[in-house]
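Working through the structure, step by step
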Amino acid sequence: MADYPVHEYDVLVIGAGGAGLRAAIESSAAGAKTGVVTKSLLGKAHTVMAEGGMAAAMGNVDDRDNWRVHFADTMRGGQYLNNCRMAELHAKEAPARVKELEAWGAIFDRTKDGKILQRNFGGHRYARLAHVGDRTGLEMIRTLQDHGIHQGIEVHAEYTILTLLKDGERVVGAFGYDREKGRFHLFHAKAVVLATGGIGRAFQITSNSWEYTADGQALAYQAGAALLDMEFVQFHPTGMVWPPSVKGILVTESVRGEGGVLRNKDGKRFMFDDIPENYRGQTAKDPDEGWRYTQGDKNALRPPELLTRDHVARCINREVKAGRGSPHGGVFLDIAWIKEKLPNAAEHIKKKLPSMYHQFKQLADLDITKEPMEIGPTTHYMMGGVQVDGDTQMSAVPGLFAAGECAAGLHGANRLGGNSLSDLLVFGKRAGEFAAKFAKENGGGKINPADVDAAAKRAVAPFDRGTAGENPFAVQHELQEMMQKLVGIVRVEQEMQQALSEIPKLQARAARAGIGGNREYNTGWHTALDLDNLLAISEIVAIAGIERKESRGAHFRDDYPAKSDEWGKYNLKITKGPDGRPKVERMLVGPLTDEMKKCIEEQK
């Protein structure tokens, strides 16, 4: 083995978003020597794109709210495929995690009596999202980062992890490189926490930043962990569609939470046309009632624009396909209309939605206080990921933990808006706590030099092929186009099978990817190394999508448009088989306790 720099830790956290930072803080506080590896610069985590708020049943705006309602909302939104223990822990612990963040210096919008203000969001029965304007994710990262630097955590910024290292069955570290100089580094650790986010860069239109190349999911899968619920990819209903340079950038759900409405090209508010039966009793009967709900009227029901994201995205898709879309292939999101209701509407919008006002003004030359926005669905979030224990967040591989978007379980078939930020806090803390505990109870283990040498050889192979090899950017672009077209919002078996037949061809081309130049600042090299993860996970998404022959949550099959009682009993678990191919198993959904059943019955 070459003489690489070696970094020794009790706990190594891969990822520096909300889950990674919260895990590192907890691990360090427990006395474990903790290191953090982040693919980007510290503070640039994709968590900042979660703008609307963090869901926690604090009851500051509506005293009818409590953990039982939040639990029932989360389970209903996830179509009851959730890990019910995780949903219970999340609902119970989220308020304490938000208050903890406040104690660490987070700034929140306030009620008149000084409590943390909470807003409405899709799928939540009551105003539940603690927020600061529409910049909540940024405030979370700022606070966790400021608090974390005082904990003695060592941060390796702009590093990519190529493989996890094992000693027998357990994880003992990781091997990667620094993106600036291109030099390899070895991380020896007693426990590893994956907090790498999602897979959005497998799709052409996405709100996800460039780091989201399925790294955590692929690292865990290759190390022997199971992946769960990989068919469930959430398409956020509202991403920018114009101009082309900003297509897919997120338009926060807060716009609808503050009274924004969806209209087609004819000006029709189309969401009232299609209200699912299981939400009919919780949805406004007319536009006036919907408006009153957004303004805090406890006697009003929520507008249909605040139904779950999967449903809203499909309704938008329906309007576009029927020829009723906006000029650039979306629909209109209108918050400017509230001038009919509020005399100071422009100032109100700028105060409540400052980021959205500036985003559209600067990127699209559009004033959202005067004109509607053009929006359309964008690949946003992965409900599936690494299968973990609900309490400890440990995977099936000893010493390997996962939290946040790269872990599965909490959200089931569809995530409610706002549950992501509180998910990061609740389960980031738990992952850090139990990773530190594992590290204290287990030795460091031994790294196999042959594994390191093999990983280094694979990593530099694109330089051996040179510019005569395949262009890695072209391979990535073709994968993204294919996934968007064949494994997107509306799926059919024939198209997903076509995707499965194309992926091996792309994998063969990726294996021939070549680049010139040297290892410093080489984006072509970075892209070539990302391809293995993107292709492996894209294949698994398609396999799981074909296997689940029903429509549920974010997974909509045009050839199986109904929900199936039989399929409602199972999660899909995927592991790497003895032949190296993905192995799919049906796993019975965990049973509800009597108290959980009562919570759900109370909210029907």
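Structure's up top.
A few points on the structure. Here the structure is a predicted model, which is why all the values come from computation and not from measurement.

**Here's the deal with the overall build of the chain**
Of regular secondary structure, the chain possesses 16 helices and 20 strands. For 604 residues, the compact-globule estimate of 2.2 N^0.38 gives 25 Å, and the C-alpha radius of gyration of the chain, at 23 Å, lies within 12% of that figure. Burial analysis of the chain (604 residues in total) assigns 63% to the buried set. Residue pairs at least 24 apart in sequence account for 73% of intrachain contacts in the chain once pairs closer than 6 positions are excluded. Counting only carbon and sulfur atoms, one obtains 49% of the accessible surface of the chain, whose full area is about 22000 Å². Side-chain charges in the chain split into 78 positive and 79 negative, and the spacing between the mean points of these groups amounts to 2 Å.

**Quick word on the layout of surface pockets**
Of the voids in this model, the largest pocket is the one considered here, and its volume is about 910 Å³. The element contributing the most residues to the lining of the largest pocket is helix H15 (residues 523-547), with 9 residues. Space inside the second largest pocket adds up to approximately 740 Å³. What lines the second largest pocket is a set of 31 residues, and nearest its centre among them are Val-61, Asn-120, Ala-127, Gln-295 and Gly-296. Listing elements by their share of the lining of the second largest pocket, those giving two or more residues are strand E4 (118-119), helix H7 (287-294) and helix H9 (345-352). Per-element tally for the lining of the second largest pocket: the top contributor is H9, with 3 residues. Here the lining of the second largest pocket is composed, by residue class, of 7 nonpolar, 11 polar and 13 charged.

**Some details on the sheet that holds strand E20 (residues 582-588)**
Strand order in the open sheet formed by 4 strands is E15-E10-E19-E20, and the pairing between neighbours is antiparallel. The sheet is open, and its two borders are formed by strand E15 (385-386) and E20, each paired with just one other strand. Strand direction decides the pairing type here: strand E10 (residues 227-228) and E15, joined by 2 bridges, are antiparallel. Bridging across to E15, Leu-227 finds its partner in Val-386. Lying on the sheet, H15 is in contact with E10, strand E19 (570-576) and E20; it crosses E20 at an angle near 45°.

**Quick look at the packing of aromatic side chains**
With the rule as written, the count across this model stands at 11 aromatic pairs. Summarising the aromatic geometry, the rings of Trp-67 and Phe-71 are spaced 6.3 Å apart at their centres and angled 65° between planes, so their arrangement reads as edge-to-face. With Trp-67 and Phe-71 both in helix H2 (residues 67-77) and 4 residues apart, this pair spans about one turn of that helix. One aromatic cluster in this structure is built from Tyr-4, Phe-175 and Phe-184. In this arrangement the basic side chain of Arg-586 is found over the ring face of Trp-567, its NZ or CZ atom lying 4.2 Å from the centre. The side chain of Arg-586 reaches across the aromatic face of Tyr-570, ending 5.6 Å from its centre.

**Focus: H9**
Within H9 the residues assigned to the buried category are Ala-345, His-348, Ile-349 and Lys-352. Taken end-on, H9 shows its buried residues confined to a sector of 95°, consistent with a single buried face. Along H9, the residues that are exposed and aim more than 90 degrees away from the buried face are Glu-347 and Lys-351. Those residues of H9 that are buried lie in contact with E4 and helix H10 (354-364).

**Describing the side chain of Ser-326**
Along the chain, the position of Ser-326 falls in the loop between helix H8 (309-321) and strand E13 (331-334). Residue classification places Ser-326 among the buried residues on the basis of a relative accessible area of 7%. Looking at Ser-326, its side chain comes within polar contact range of the side chain of Glu-374, at 2.5 Å. For Ser-326, the residues in contact, after removing those within four places along its chain, are Val-331, Phe-332 and Glu-374.

**Observations regarding the pattern of salt bridges**
For the coordinates displayed, the defined rule picks out 49 salt bridges. Between Glu-566 and Lys-569 there is a salt bridge, with its nearest N and O atoms 3.1 Å apart. With a relative accessible area of 38%, Glu-566 lands in the partly exposed category. Put simply, Arg-22, Glu-26, Arg-97, Glu-100, Lys-429 and Glu-433 are held in one network by salt bridges that share partners.

**Topic: the sheet that holds strand E3 (residues 54-55)**
Strand order in this open sheet of 3 strands is E3-E5-E4, and the pairing throughout is antiparallel. Each end of this open sheet is capped by a strand with a single partner; those strands are E3 and E4. With 2 bridges joining them, E4 and strand E5 (residues 129-130) adopt antiparallel strand pairing. Its bridge partner lying in E5, Gln-118 is registered against Ala-130.

**Points about the pairing of E13**
Each regular strand shows side chains that alternate between the opposite faces of the sheet. One ladder, built from 3 bridges, connects strand E12 (residues 261-263) with E13; its direction is antiparallel. For Arg-263, the partnering residue across the bridge sits in E13 and is Phe-332. Sheet topology places E13 next to strand E14 (residues 373-382); 3 bridges connect them, and they run antiparallel. Of the residues in E14, the one forming a bridge with Leu-333 is Met-373.

What counts, and at which threshold
Residues numbered from 1 in each chain as written. Predicted model: local features only at pLDDT ≥ 70, side-chain atom pairs only at ≥ 80, totals over all residues. Heavy atoms only, no water. Helix = DSSP H or I, 4+ residues; strand = E, 2+ residues; numbered from the N terminus. Rg over C-alpha atoms; globule rule 2.2 N^0.38 Å. Buried < 20%, exposed > 50% of the residue type's maximum accessible area, 1.4 Å probe, protein only. Contact = heavy atoms within 4.5 Å. Areas by Shrake-Rupley, 256 points an atom, 1.4 Å probe, with all protein chains shown as cover. Lys, Arg positive; Asp, Glu negative; His and termini not counted. Charge placed at Lys NZ, Arg CZ, Asp CG, Glu CD. 1 Å grid on protein atoms, 1.4 Å probe; cavity = no way out; pocket = protein on both sides within 12 Å on 5 of 7 lines; lining within 4 Å. Points joined across faces, edges and corners; volume = space filled by probe spheres on them. Nonpolar A, V, L, I, M, F, W, Y, C, P; charged D, E, K, R; others polar. Pairing = 2+ DSSP bridges. Axes fitted to C-alpha atoms, helices over the stretch in contact; angles between N-to-C directions. Phe/Tyr/Trp six-rings, centres within 6.5 Å; stacked < 30°, edge-to-face > 60°. Lys NZ or Arg CZ within 6 Å of the ring centre and 35° of its normal. Arc of directions from axis to C-beta. Polar contact = N/O pair within 3.5 Å; in protein donor to acceptor, adjacent residues only side chain to side chain. Salt bridge = Lys/Arg side-chain N within 4 Å of Asp/Glu carboxyl O.

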